[in-house]
Amino acid sequence: MLKKTTSSALLIIDVQNDFCPGGSLAVAEGDKIVPVINGFMPAFRFIIATQDWHPRAHVSFASNHKGKKPLEVITHQGREQVLWPDHCVQGTKGADFHQGLDTRPLYLIVRKGTDPGLDSYSAFFENDKKTKTGLAGFLKDLSITNLYICGLATDYCVFASAQDALGLGFEVMVLEDACRGVDFPQGSVVQALASLKKQGAKILTSQDL
Ligand code: VGL
Ligand code: ZN
């Protein structure tokens with residue numbers, strides 16, 4: 001039914017080494033979703049992946065704020081900014097896709113978080129909620145209306161991407177077993193999924209495809 005329909009796209013968020021076990025911002029079981037994602041890729045005509053892609057001087061790195069440690073929260077230009085370990089630095093191994101992810105069928109790769117002074121969790125807007133990545137326009141141009149979202153991390157970049165997609169009027173399906181979260185603060189994965197459901201997303205598993 002879904003098979004290769006041109007009105008749907010699979011959106012794979014940040015399946016990168018630094019978010020997988022062994023990486024600098026490892027998400028528990030982050031690598032477990034890789035075979036799951038590879039398994040349903042053939043159902044999609046359009047597959048889009050994002051990469052968190054930071055310059056070394058990025059505002060989200062605790063190392064760029066004197067005396068600050070990862071997971072501390074600062075206010076930067078009026079916005080709360082969680083500070084992270086250095087991660088997904090442009091051109092490093094940590095920023096590469098997990099080596100098990102089948103990147104051959106990728107139609108588009110969107111890189112985000114490239115502005116040193118601005119973080120970008122969502123695949124659509126940077127964290128100022130204004131600066132566009134261009135993905136919405138790209139999808140609109142292809143008349144894609146339905147988005148199946150998976151990846152890392154459930155409570156940050158998957159959540160922000162799904163929320164923005166809903167706000168932009170897309171039909172949103174989150175593939176729960178193809179996501180893993182940071183769960184900081186504790187409970188934020190459950191909260192993220194509940195919030196997305198409330199906002200109109202469908203929470204599915206890969207079995208539903
Ligand atoms: C992410 C924290 C910082 C994510 C990216 O991909 O969810 N989380 N940068
Ligand atoms: Zn990041």
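Residues numbered from 1 in each chain as written. Chains lettered and ligands numbered in written order. Predicted model: local features only at pLDDT ≥ 70, side-chain atom pairs only at ≥ 80, totals over all residues. Heavy atoms only, no water.

Enquirer: Please clarify how the pattern of salt bridges should be interpreted in this entry.
Expert: Side-chain pairs of opposite charge can arise where the charged atoms are in close proximity. Counting across every chain of the model gives eight salt bridges. One salt bridge in this structure joins Glu 29 and Lys 32, with 3.7 Å as the shortest N-O distance. For Glu 29, a relative accessible area of 40% gives the class partly exposed. The partner of Lys 112 in a salt bridge is Asp 52, and the shortest N-O contact between them spans 3.0 Å. A residue pair is termed long-range when its members are at least 10 positions apart, and Lys 112 in strand E5 (residues 108-112) and Asp 52 in strand E2 (residues 46-52) qualify at 60 residues. (Salt bridge = Lys/Arg side-chain N within 4 Å of Asp/Glu carboxyl O. Buried < 20%, exposed > 50% of the residue type's maximum accessible area, 1.4 Å probe, protein only. Helix = DSSP H or I, 4+ residues; strand = E, 2+ residues; numbered from the N terminus.)

Enquirer: Honestly, the coordination of the zinc ion (ligand 2) in this entry has me stumped. Any pointers?
Expert: Under ideal tetrahedral coordination, the four donors around a metal are separated by 109.5 degrees; under ideal octahedral coordination, the six donors are separated by 90 or 180 degrees. For the zinc ion (ligand 2), the full set of protein donor atoms is Asp 52 (OD), His 54 (NE2) and His 87 (NE2), and the range of their distances to it is 2.0 to 2.2 Å. With four donor atoms in place around the zinc ion (ligand 2) and angles of 87 to 172° between them, the coordination shape is irregular. Read in sequence order, the donor residues for the zinc ion (ligand 2) give the motif D-x1-H-x32-H. With Asp 52 in strand E2 and His 87 in the loop between strand E4 (79-82) and E5, this pair connects stretches of sequence that are 35 residues apart. We note that Asp 52, like His 87, is buried. (Donors = N, O, S within 2.8 Å, 3.2 Å for Na, K, Ca; no water. Tetrahedral: all angles 85-135°; square planar, octahedral: opposite > 155°, others 65-115°.)

Enquirer: So what exactly am I meant to see when it comes to the packing of aromatic side chains here?
Expert: The relation between two aromatic rings is expressed through the spacing of the ring centres and the mutual angle of the planes. Tallied over the entire structure, the rule returns seven aromatic pairs. Centroid distance Trp 84 to Tyr 156: 5.0 Å. Interplanar angle 90°. Geometry classified as edge-to-face. Separated by 72 residues along the polypeptide, Trp 84 in the loop between E4 and E5 and Tyr 156 in helix H3 (residues 154-167) bring together distant segments of the chain. Note on accessibility: Trp 84 and Tyr 156 belong to one class, buried. One Lys or Arg, Arg 111, reaches over the ring of Trp 53 and ends 3.6 Å from the middle of that ring. (Phe/Tyr/Trp six-rings, centres within 6.5 Å; stacked < 30°, edge-to-face > 60°. Lys NZ or Arg CZ within 6 Å of the ring centre and 35° of its normal.)

Enquirer: Explanation requested: H3 in the structure shown.
Expert: Since the α-helix turns once every 3.6 residues, residues separated by three or four places project in the same direction. Counting buried positions along H3 yields 12 of 14 residues, so the element is predominantly enclosed. Here H3 has its buried residues at Thr 154, Asp 155, Tyr 156, Cys 157, Val 158, Phe 159, Ala 160, Ser 161, Ala 162, Asp 164, Ala 165 and Leu 166. Contact partners of the buried residues in H3: strand E1 (8-13), E5, strand E6 (146-152), strand E7 (171-180) and helix H4 (188-198). Among the residues trailing H3, Gly 169 stands out with phi positive, at a value near 95°. (Contact = heavy atoms within 4.5 Å.)

Enquirer: I tried to follow the site of ligand 1 on my own but got confused; where do I start?
Expert: Around ligand 1, the surrounding shell consists of Asp 14, Phe 19, Asp 52, Trp 84, His 87, Tyr 121, Leu 152, Ala 153, Tyr 156 and Cys 157. For ligand 1, an oxygen atom lies 3.4 Å from a polar atom in the backbone of Leu 152. Expressed as a share of its isolated accessible area of 260 Å², the protein-covered part of ligand 1 is 100%. When atom positions are compared with the pocket grids, ligand 1 is found to occupy the largest cavity. Along the lines of polarity and charge, the residues of the shell around ligand 1 split into seven nonpolar, one polar and two charged. (Near = heavy atom within 4 Å. Polar contact = N/O pair within 3.5 Å; in protein donor to acceptor, adjacent residues only side chain to side chain. Areas by Shrake-Rupley, 256 points an atom, 1.4 Å probe, with all protein chains shown as cover. 1 Å grid on protein atoms, 1.4 Å probe; cavity = no way out; pocket = protein on both sides within 12 Å on 5 of 7 lines; lining within 4 Å. Sits in = over half its atoms within 2 Å of the grid points. Nonpolar A, V, L, I, M, F, W, Y, C, P; charged D, E, K, R; others polar.)

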